Amino acid sequence: MMAGEGIPTTQRASVLGADLTLRMEQRPVPEPGPGEVLVRVRSVGVCGSDIHYFEHGRIADFVVESPLVLGHESSGTVVGLGDGVDDLPMGTTVAMEPGVPCASCEQCRAGRYNLCPDVQFFATPPVDGTFCEYVVLPRAFAHAVPDHVSFDAAALVEPLSVGVWACQKAEVRVGSRVLVTGAGPVGVMAALAARAHGAGQITVSDVNSERLAFAEELGFATVDPRVTSLSDSIMADVLIECSGAASAIDAGIRSVAPAGTVVLVGMSPSTMVELPVGIIQGRELWVTGTFRYAHTYPTAIDLVASGRVNLDALVSRSFPLEEAEQALTYSHQDPAAMKVMVHA
Ligand SMILES: NC(=O)c1ccc[n+]([C@@H]2O[C@H](COP(=O)([O-])OP(=O)(O)OC[C@H]3O[C@@H](n4cnc5c(N)ncnc54)[C@H](O)[C@@H]3O)[C@@H](O)[C@H]2O)c1
Ligand SMILES: [Zn+2]
Ligand SMILES: [Zn+2]
């Protein structure tokens, strides 16, 4: 293994305890094994799932039973190379793909590695995330990013990947009319990805006026369903649902033209949601869900590096690692907050 000069033996990590408070701890700096790289973490985006673990200690069957390091939207600098890694120069900026699949199950072998039942995903119990200074990950999941891309933008390649994957599943193409319900970070990323895919009319809906205003600033048409009925005002070829709200799922589907596509990205708090089946049948709509993404990092990095998607514009505020708890609570205090970053 090759390590850069001055790598310490211990590092600072922000750790979520079983009492759901965050504490700074000293932890050992891991050593990259064969085929792995050591990354000095620089920027980590706060995701809704981090906030959820912090507030509730669980997401579905994933429960915080032992101390957990949060954070999975991350970038950094390569500072160590495990045996056999010879194609990623030290000092390279990388966007870290957070889910490492088993590589041998049926889904992995079919290339659908996001559906691997044994995926190890940063900040999903019991796997630690990146609210820390150093992490190791397999070389294949450390994606090189050109130097002119900021660490924040490199970190946000993760949620952009969610949007890129949704567009790929929806087969958004030149001229597609796209409706995105929910103008949170994921909805905005999906809308930006749709634009980069050549979509024509892109409309974004939300019930938060600040977020609608932000979407409008980015050049998207907006609809507030509290004021205007979606299905009376929009006819789309593609719905990318990014709110998880039952009413948005229903109204969104009713706004899709015959033979159109519905991609359900938003996760609902309840497991059961009613769908307008008659509309789906009568219009022969294609309906699918998405679970994270696969093979999207190179595309998403290219969109950012070429300037077609400006992720820096989505950063509302940054906090140092010691203030990770404030970063997690900040988005509740400011309804206009889009992406909050932690700088390690
Ligand atoms: N499928 C996946 O792999 C995947 C990955 C990441 C996130 N997600 C999910 O995507 C969703 C969006 O993530 P986010 O980080 O942007 O969350 P977010 O909570 O910041 O954004 C959701 C937005 O939906 C809006 N909304 C609520 N009711 C609405 C309605 N009736 N019509 C229109 N908009 C409405 C909210 O005001 C909010 O702005 C979440 O449910 C998240 O769990 C899914
Ligand atoms: Zn996330
Ligand atoms: Zn697998």
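Residues numbered from 1 in each chain as written. Chains lettered and ligands numbered in written order. Predicted model: local features only at pLDDT ≥ 70, side-chain atom pairs only at ≥ 80, totals over all residues. Heavy atoms only, no water.

*Asks:* Any chance you could explain the domain arrangement of the protein chain here in plain terms?
*Replies:* Many descriptions give the size of an interface as the accessible area lost when the pieces come together. Once the domains are mapped, the protein chain shows domain 1 (2-156 + 311-343) and domain 2 (162-289). Centre-to-centre, using C-alpha coordinates, domain 1 lies 29 Å away from domain 2. The partner domain 2 presents 11 residues to the 10 residues of domain 1 that form the contact. Between domain 1 and domain 2, a total of about 840 Å² is buried, with carbon and sulfur atoms accounting for 74% of that surface. For the domain 1 face of the interface with domain 2, the top three residues by lost area are L314, P335 and M338, together amounting to 59%. Remark: the boundary between domain 1 and domain 2 carries zero salt bridges. Taken together, domain 1 and domain 2 are joined by two residue pairs in polar contact (both at pLDDT 80 or more). Looking at the side of domain 1 that touches domain 2 residue by residue, the classes come out as eight nonpolar, one polar and one charged. (Domains from an automatic or database assignment. Contact = heavy atoms within 4.5 Å. Buried area = accessible area lost by both parts, 1.4 Å probe. Salt bridge = Lys/Arg side-chain N within 4 Å of Asp/Glu carboxyl O. Polar contact = N/O pair within 3.5 Å; in protein donor to acceptor, adjacent residues only side chain to side chain. Nonpolar A, V, L, I, M, F, W, Y, C, P; charged D, E, K, R; others polar.)

*Asks:* What is the right way to read the sheet that holds strand β16 (residues 221-223) from this model?
*Replies:* Neighbouring strands of a sheet are bound in pairs by backbone hydrogen bonds; such pairs are parallel or else antiparallel. If you walk across this open sheet you meet the six strands as β16-β15-β14-β17-β18-β19, and the pairing is parallel. The open sheet is flanked by β16 and β19 (286-289), the only strands paired with a single partner. For this sheet, the mean inter-axis angle between neighbouring strands, taken without regard to orientation, is 20 degrees. Bridge count for strand β18 (residues 256-264) against β19 is four bridges, and the pairing is parallel. Counted as the bridge partner of L264 is G289 from β19. (Pairing = 2+ DSSP bridges. Helix = DSSP H or I, 4+ residues; strand = E, 2+ residues; numbered from the N terminus. Axes fitted to C-alpha atoms, helices over the stretch in contact; angles between N-to-C directions.)

*Asks:* Would you explain the pairing of strand β17 (residues 236-241) in this entry?
*Replies:* Every other side chain in a regular strand lies on the same face of the sheet, so the side chains alternate between the two faces. Counting buried positions along β17 yields five of six residues, so the element is predominantly enclosed. In this sheet, β17 lies alongside strand β14 (residues 178-181) in parallel orientation, the contact comprising four bridges. In the strand pairing of β17, T181 is matched with E241. In this sheet, β18 lies alongside β17 in parallel orientation, the contact comprising five bridges. Note on β18: the bridge partner recorded for E241 is L264. With helix α8 (residues 246-254) bridging β17 and the parallel β18, this β-α-β connection has right-handed handedness. (Buried < 20%, exposed > 50% of the residue type's maximum accessible area, 1.4 Å probe, protein only. Right-handed = clockwise from strand over helix to strand, strands pointing away.)

*Asks:* Would you mind going over the site of ligand 1 with me for this structure?
*Replies:* Surveying the vicinity of ligand 1 reveals 22 residues, the closest of which are D206, R211, M267, T290 and R292. Contact distances for ligand 1 include 3.0 Å between an oxygen atom and a backbone N or O atom of V186. One of the backbone nitrogen or oxygen atoms of V265 is found 3.1 Å away from a nitrogen atom of ligand 1. In isolation ligand 1 has 860 Å² of accessible area, and contact with the protein removes 77% of it. Among the secondary structure elements, those contributing two or more residues to the shell around ligand 1 are α5 (185-196) and α8. Split by residue class, the shell around ligand 1 holds 11 nonpolar, eight polar and three charged. (Near = heavy atom within 4 Å. Areas by Shrake-Rupley, 256 points an atom, 1.4 Å probe, with all protein chains shown as cover.)

*Asks:* Looking at this structure, how should I read the packing of helix α1 (residues 48-56) against helix α11 (residues 324-333)?
*Replies:* If you want to describe how two helices pack, look at the angle between their axes and the distance between the axes. Between α1 and α11, the shortest axis-to-axis distance is 10 Å and the interhelical angle comes to 100 degrees. Viewed along their axes, α1 and α11 adopt a mutual orientation that is roughly perpendicular. The segment α1 lies against α11, with D50, I51, F54 and E55 engaging E325, L328, T329, S331 and H332. (Parallel < 35°, antiparallel > 145°, perpendicular 65-115°, else oblique.)

*Asks:* How should I be thinking about a nonpolar patch on the surface in this particular structure?
*Replies:* Together, L115, M267 and F291 make up a nonpolar patch on the protein surface, roughly 310 Å² of accessible area in all. Taking the relative accessible area as the measure of exposure, F291 reaches 35% and is therefore partly exposed. (Patch = residues over 30% accessible without salt bridge, like charges linked within 9 Å, V, L, I, M, F, W, Y side chains within 5 Å.)

*Asks:* It is not clear to me how the coordination of the zinc ion (ligand 3) should be interpreted in this structure. Could you clarify?
*Replies:* Under ideal tetrahedral coordination, the four donors around a metal are separated by 109.5 degrees; under ideal octahedral coordination, the six donors are separated by 90 or 180 degrees. Bound to the zinc ion (ligand 3) are the protein donor atoms C102 (SG), C105 (SG), C108 (SG) and C116 (SG), situated 2.3 to 2.4 Å from the metal. Here the zinc ion (ligand 3) is ringed by four donor atoms whose angles at the metal span 104 to 116 degrees, and the overall shape comes out tetrahedral. One chain supplies every donor for the zinc ion (ligand 3), spaced along it as C-x2-C-x2-C-x7-C. For C108, a relative accessible area of 12% translates into the label buried. (Donors = N, O, S within 2.8 Å, 3.2 Å for Na, K, Ca; no water. Tetrahedral: all angles 85-135°; square planar, octahedral: opposite > 155°, others 65-115°.)

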